[in-house]
Amino acid sequence: MESTLQGQLTCWRQHLHQNPETGFEEVNTAEYVANILKTLGLEVHRGIGSTGLVANLTVGNGTRAIALRADMDALNIAEHAPNRAYASLNAGKMHACGHDGHMSMMLGAARLLAERRDFNGTVRFIFQPAEEHGRGAKAMMADGLFDRFPVHAIFGAHNMPGMQAGTFATRAGGIMASEDNFVIHIKGRGSHAARPHMGVDPIVIAAQIILALQTIVSRNLDPSLQAVISCTELITDGIRNVIPSNVIIKGDTRSYSKAVQTLLETRMREISEGICRTHGVECSFEYTYEFAPTVNSPEFLDVAVQAARNVAGNASVDANVRPMMISEDFGAFLQAVPGNFIFIGNGNSPESGGIPLHNASYDFNDDILLTGARYFAEIARLELPAG
Ligand SMILES: [Zn+2]
Ligand SMILES: [Zn+2]
């Protein structure tokens, strides 16, 4: 049976790859996925958080339920793959993060579980929109996702180029970082470049702020914790011989807990406003939460590791991988329900899955589809044991 499943998963994946849709516009994608799930005999609920959907599979009389999550959105990237037969048909859009593969793996898990029926309880397959925006998980939860479809745990995965194909890596605690953005607007008083004493130069103030922000991680944060503060844009209204009136600093911070997020926001605000006050200029400081940190629950590490070992062998599973500073919308689900997020190696040579995520030549490695499908089916079997 599984050789035909491999063929089917590849066919589903390549169809999805050829027809990418971006966040909250996954209309045809949701339709395609929903039809397959219905054919497999699952009960499908559409339009949750705009284009999101949930498919339920109940076996036996158990009342416990788990969620398995896939993401559906593509990116605004023009695919560069001249020899790829199934390259994107939607100009400027591309599955460059492998969400096509995540959907196919999840459909494969649904098929395996629908055929084997070797668990007792309910598996809820969540297909979320807009992962890349960091908006889809919140949209589904705001639409009553876990009130309508309660679960005691949620599981998700992401393919990882640079990791050997079909191997697994996870950990307890923070595995992917939060992403926050900030905008600091310094309102100085412009003047002639030759007569700085006639104004208040916001560029010199901005320089002090940028350097001082780098003391937060080194001097305020517990050294056993991690964070990154990056100033990424510096915008002024000055010209060659004119000191500007306005400087805007924009940037991005990453961390692994709410407490660290709060520390970063608080100290950044104090430093920005404090330095501006020293110079007698006005400051506006905005700080927005874009992605929650992805923090794995220690109590569901064992089941994830065991499922991965059962599928890939003991030597192919790292149960204490180093966290990554990139961000993932799954973190928002983990703030509502405990669970686990795991990486699946996409391959480490450019020919077989090693091209980085979000690169215009990236491709999901079809050789890991079956491994991913089996992993999620195994989670259900272990977490909702029959008999
Ligand atoms: Zn991505
Ligand atoms: Zn992704």
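## Describing the coordination of the zinc ion (ligand 1)
Protein ligation of the zinc ion (ligand 1) involves Cys-97 (SG), Glu-132 (OE), Glu-132 (OE) and His-358 (NE2), the donor distances falling in the range 2.0 to 2.6 Å. Between the four donor atoms coordinating the zinc ion (ligand 1), the angles at the centre fall across 55 to 153°, so the site counts as irregular.

## A look at unusual backbone geometry
Backbone geometry at Ala-130 places phi at a positive 50°, although glycine is not the residue there. Inspection of the secondary structure assignment puts Ala-130 in the loop between β4 (121-128) and α4 (136-142). With a relative accessible area of 0%, Ala-130 lands in the buried category. Within the chain, His-358 stands out as a residue other than glycine whose phi angle is a positive 70°.

## Things to note about the domain arrangement of the protein
For the protein, the assigned domains read domain 1 (2-175 + 293-383) and domain 2 (178-290). The gap between the C-alpha centroids of domain 1 and domain 2 is 38 Å. Facing the twelve residues of domain 1 at the interface are eleven residues of domain 2. Both faces combined, the contact of domain 1 with domain 2 buries some 880 Å², and carbon together with sulfur accounts for 54% of it. Ranking the residues of domain 1 by area buried against domain 2 places Pro-293, Met-325 and Ser-327 at the top, with a combined share of 61%. If you look at where domain 1 meets domain 2, you find one salt bridge. A salt bridge links Glu-290 to Arg-135, with the shortest nitrogen-to-oxygen separation between them at 3.2 Å. The interface formed by domain 1 and domain 2 holds four residue pairs in polar contact (both at pLDDT 80 or more) in total. In the side of domain 1 that touches domain 2, the residues fall into seven nonpolar, three polar and two charged.

Reading guide: rules and limits
- Residues numbered from 1 in each chain as written.
- Chains lettered and ligands numbered in written order.
- Predicted model: local features only at pLDDT ≥ 70, side-chain atom pairs only at ≥ 80, totals over all residues.
- Heavy atoms only, no water.
- Donors = N, O, S within 2.8 Å, 3.2 Å for Na, K, Ca; no water.
- Tetrahedral: all angles 85-135°; square planar, octahedral: opposite > 155°, others 65-115°.
- Helix = DSSP H or I, 4+ residues; strand = E, 2+ residues; numbered from the N terminus.
- Buried < 20%, exposed > 50% of the residue type's maximum accessible area, 1.4 Å probe, protein only.
- Domains from an automatic or database assignment.
- Contact = heavy atoms within 4.5 Å.
- Buried area = accessible area lost by both parts, 1.4 Å probe.
- Salt bridge = Lys/Arg side-chain N within 4 Å of Asp/Glu carboxyl O.
- Polar contact = N/O pair within 3.5 Å; in protein donor to acceptor, adjacent residues only side chain to side chain.
- Nonpolar A, V, L, I, M, F, W, Y, C, P; charged D, E, K, R; others polar.

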